[in-house]
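Here are the chains, one letter per residue:
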Amino acid sequence: MRELSLHIMDIVENGLSAGADLIQVSIAEDRKENRLRIAVKDNGRGIPQDLLQRVLSPFYTTRTTRRVGLGLSLFREAARRCEGEFHLVSKEGEGTEVSATFRLDHIDLAPLGDMAGSLTSFIMGRPDVDFVYVHELDGKVFRMDTREVKKELDGLPINNPKVIRHLAASIRESVADLKTGADGSAAP
Amino acid sequence: MAKLTIEDLKKLRESARKSTALREGETTVKITVHMGTCGIAAGAREVMDALLEEMAEADRQDIRVVTSGCMGMCSSEPNVTVEARDQDPVVYQHMDRNKMRQVFKRHVLLGEAQTDFALARIK
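Position numbers for residues count from 1 along each chain, tracking the sequence in the order it is written. By the order in which they are written, chains take letters starting at A while ligands take numbers starting at 1. Reporting of local features is limited, given that this is a predicted model, to residues whose pLDDT is at least 70; pairs of side-chain atoms are given and counted only at 80 or more, and all residues count toward the totals for whole chains, interfaces and linings.

Description of the nonpolar core
Alright, step 1. V33(B), L51(B) and V80(B) are the most contacted members of the largest nonpolar core, which totals 63 residues.
Alright, step 2. Each residue gets a C-beta atom placed from its backbone, and two residues are in contact if those atoms lie within 7 Å. Not counting the four nearest positions on each side in its chain, V33(B) is found in contact with A44(B), V47(B), M48(B), L51(B), V65(B), T67(B) and V80(B). When buried Ala, Val, Leu, Ile, Met, Phe, Trp, Tyr and Cys residues are joined through C-beta atoms within 7 Å, the set is termed a nonpolar core. Three classes are used. A residue is buried when 20 or more other C-beta atoms lie within 10 Å of its own, exposed when 12 or fewer do, and partly exposed in between, with C-beta atoms placed from the backbone.

And the structure:
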């Protein structure tokens, strides 16, 4: 797909369909090791062991509107295309984790895309679900946890349009700060 | 470790409290932005962004924005459904930032459905 964020959103949607109320997206870029790792973990109903191989097929889907489910297989192909690995771990009743690695400077690696906009769209649409976003670059980490944001908002709904816009801008800024090396920690 | 600044959130909370009533009122218009992967690939994030800008300006507690997954009409994405009280729901297709603003200003705020952009009116 055009952007890695599209793959990630696909997997997040899988988690939401599985009834998750906590979804953790982590992105780790390590320029020294030349690796990118993306992981999406949910606490949904999980996948039965006997289906674990089947779900990776593009022709397997739980959707009733069509017979094709491309999210997992396309993500796996993207990882393989970039000399990476793909892992799917799931436990019924506990949740699922999908992770993929990529060679960071691979010519076929799609850009990450607008993770802030993507995530905040989910937060907007599903204020009942909590999201954790961790973005690591060469050891520096940015972390956003909607549970903390909600606590800080103290009753103001997280899906208030002003809040969502501000949250998206904050995330974009903080992730950009990781790249420039500026320290984005809270002002004293 | 870089974090979302607490100061920003506090300021936001204060400014939002001043300008909007806290009490949950009735919803008079519900806007659904379809954010399945097909929608997102076609540009639903930008449409959502434009909508949120308009919402922030309009500052109306009775307008609700929700997201939904794919509704099966992928080739007409981005789709936006507007359900105004006492009106038939309208599904808009091939939306972009400008069309979203127009639909918001004319249909959501003034009640004039923008039939040029509509895919269907649901009876």
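Looking at the sheet that holds strand β3 (residues 63-68) of chain B
All names here are of chain B.
Alright, step 1. Pairing in this open sheet of five strands is mixed, and the strands run β3-β2-β4-β5-β6 from one edge to the other. The open sheet has two edge strands, β3 and β6 (118-121), and neither has a second partner. Sheet twist, expressed as the average angle between the axes of neighbouring strands with direction ignored, equals 20 degrees.
Alright, step 2. A fitted line through C-alpha atoms represents every axis, and for helices the fit uses only the stretch in contact; the resulting angles, taken between N-to-C directions, go from 0 to 180 degrees. For the purposes of this entry, the term helix denotes a DSSP run of H or I that reaches at least four residues, the term strand denotes a run of E that reaches at least two, and both are numbered from the N terminus. Against the sheet, helix α4 (residues 97-108) touches β2 (29-34), β3, β4 (80-84) and β5 (90-92), its axis set at about 10 degrees to β4. Each pair of strands is called paired provided DSSP finds at least two bridges between the two strands.

Brief notes about the pairing of strand β1 (residues 22-30) of chain A
Residue and element names in this part refer to chain A.
Alright, step 1. As judged from the eight bridges shared by β1 and strand β5 (residues 130-137), these two strands associate in the parallel manner. When the bridges of β5 are listed, S26 appears paired with V134.
Alright, step 2. Taken together, β1 and the strand that follows it, strand β2 (residues 35-42), pair antiparallel across an intervening segment of four residues, in which N34 is found at a positive phi of about 60 degrees.

A word on helix α5 (residues 161-180) of chain A
One turn of the α-helix equals 3.6 residues, which is why residues spaced by three or four share an orientation.
Alright, step 1. Its 20 residues place the ends of α5(A) 29 Å apart at the C-alpha level, agreeing with the 28 Å of an ideal helix rising 1.5 Å per residue.
Alright, step 2. Among the residues of α5(A), P161(A), V163(A), I164(A), H166(A), L167(A), A168(A), S170(A), I171(A), S174(A), V175(A) and L178(A) are the ones counted as buried. By definition here, a helix of n residues has an expected span of 1.5 Å times n minus one.

Quick look at the environment of Q87(B)
Alright, step 1. With respect to the helices, strands and loops of the structure, Q87(B) is situated in the loop between β4 and β5.
Alright, step 2. Each C-alpha atom of the pair Q87(B) and G111(B) lies 8.5 Å from the other, and the pair is 24 residues apart in sequence.

Some thoughts on the confidence of the model for chain A
Alright, step 1. For every residue, the predictor assigns a confidence score, pLDDT, that lies between 0 and 100. Here chain A shows a mean pLDDT of 90. Residues at 70 or above account for 95%.
Alright, step 2. Taken together, the stretch residues 184-188 of chain A has pLDDT below 50 and engages in 13 contacts with residues farther than four places along the chain or on a different chain.

Regarding the packing of helix α1 (residues 4-17) of chain A against helix α2 (residues 71-81) of chain A
Residues and elements named next belong to chain A.
Alright, step 1. Following both chains from N to C, one finds α1 and α2 inclined at 145 degrees, their axes separated by 9 Å at the closest point. Crossing geometry of α1 relative to α2 is assigned as left-handed. Of α2, the residues touching α1 (which contributes H7, D10, I11 and N14) are G71, L74, F75 and A78.
Alright, step 2. Each residue is assigned to one of three groups, with Ala, Val, Leu, Ile, Met, Phe, Trp, Tyr, Cys and Pro labelled nonpolar, Asp, Glu, Lys and Arg labelled charged, and all others, Gly among them, labelled polar. Split by residue class, the contact of α1 with α2 holds four nonpolar, three polar and one charged. If you view the pair so one helix is near and one far, a crossing is left-handed when the near helix is turned anticlockwise from the far one by less than a right angle, and right-handed when it is turned clockwise.

What to know about the environment of D8(B)
Alright, step 1. Relative to the helices and strands, D8(B) resides in helix α1 (residues 6-19).
Alright, step 2. D8(B) sits in the partly exposed class, given 17 other C-beta atoms within 10 Å.
Alright, step 3. Excluding residues that lie within four positions of it along the chain, D8(B) makes contacts with H166(A) and S170(A).

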